[in-house]
Amino acid sequence: MNRNTGRRVTGIAHLKQSVADILTTPLGTRLERRTYGSLLPSLIDQPDNGPTRLRCYSAIASALMKWEPRLRVTRVGITSGSQPGQATVDLEGEYLGQTVSLSTSLQMRGAA
């Protein structure tokens, strides 16, 4: 179900929505699934340097490996957005046996 319209969503659109939900959900915030989400929100306000970027890549890849079994990630990229707290995550991987490229804009509003 599309989180904004309530209409049915399938395929790549559903995968993209799922990826965004996983990456923007701080660990420990889902009552029945405390391990759902990623460490990405906790990296907000960290220095924009090599080690932090590596931690972001790791947070993205590990969360998607755990919570999105339809996608096998082969490449992760992050681009800073035009607004504060905004970033674009570029992913490449395999989805249902075919190679896909996903780009999703994330609005990260605060740390966990």
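Structure shown above.
Rules and cut-offs
- Residues numbered from 1 in each chain as written.
- Predicted model: local features only at pLDDT ≥ 70, side-chain atom pairs only at ≥ 80, totals over all residues.
- Heavy atoms only, no water.
- Helix = DSSP H or I, 4+ residues; strand = E, 2+ residues; numbered from the N terminus.
- Buried < 20%, exposed > 50% of the residue type's maximum accessible area, 1.4 Å probe, protein only.
- Contact = heavy atoms within 4.5 Å.
- Pairing = 2+ DSSP bridges.

### Some words on the side chain of T52
Part 1 of the argument: Within the secondary structure layout, T52 lies in helix α2 (residues 50-67).
Part 2 of the argument: What makes T52 buried here is its relative accessible area of 10%.
Part 3 of the argument: Discounting chain neighbours no more than four positions away, the residues touching T52 are Q46 and P47.

### Some details on the pairing of strand β3 (residues 98-107)
A regular strand carries its side chains on alternate faces of the sheet.
Part 1 of the argument: Sheet topology note: the strand β2 (residues 86-95)/β3 ladder contains 10 bridges and is antiparallel. Paired with L91 across the strands is L102, a residue of β3.
Part 2 of the argument: As consecutive antiparallel partners, β2 and β3 are separated by two residues, and within that stretch L96 has a phi angle of approximately 55°, a positive value.

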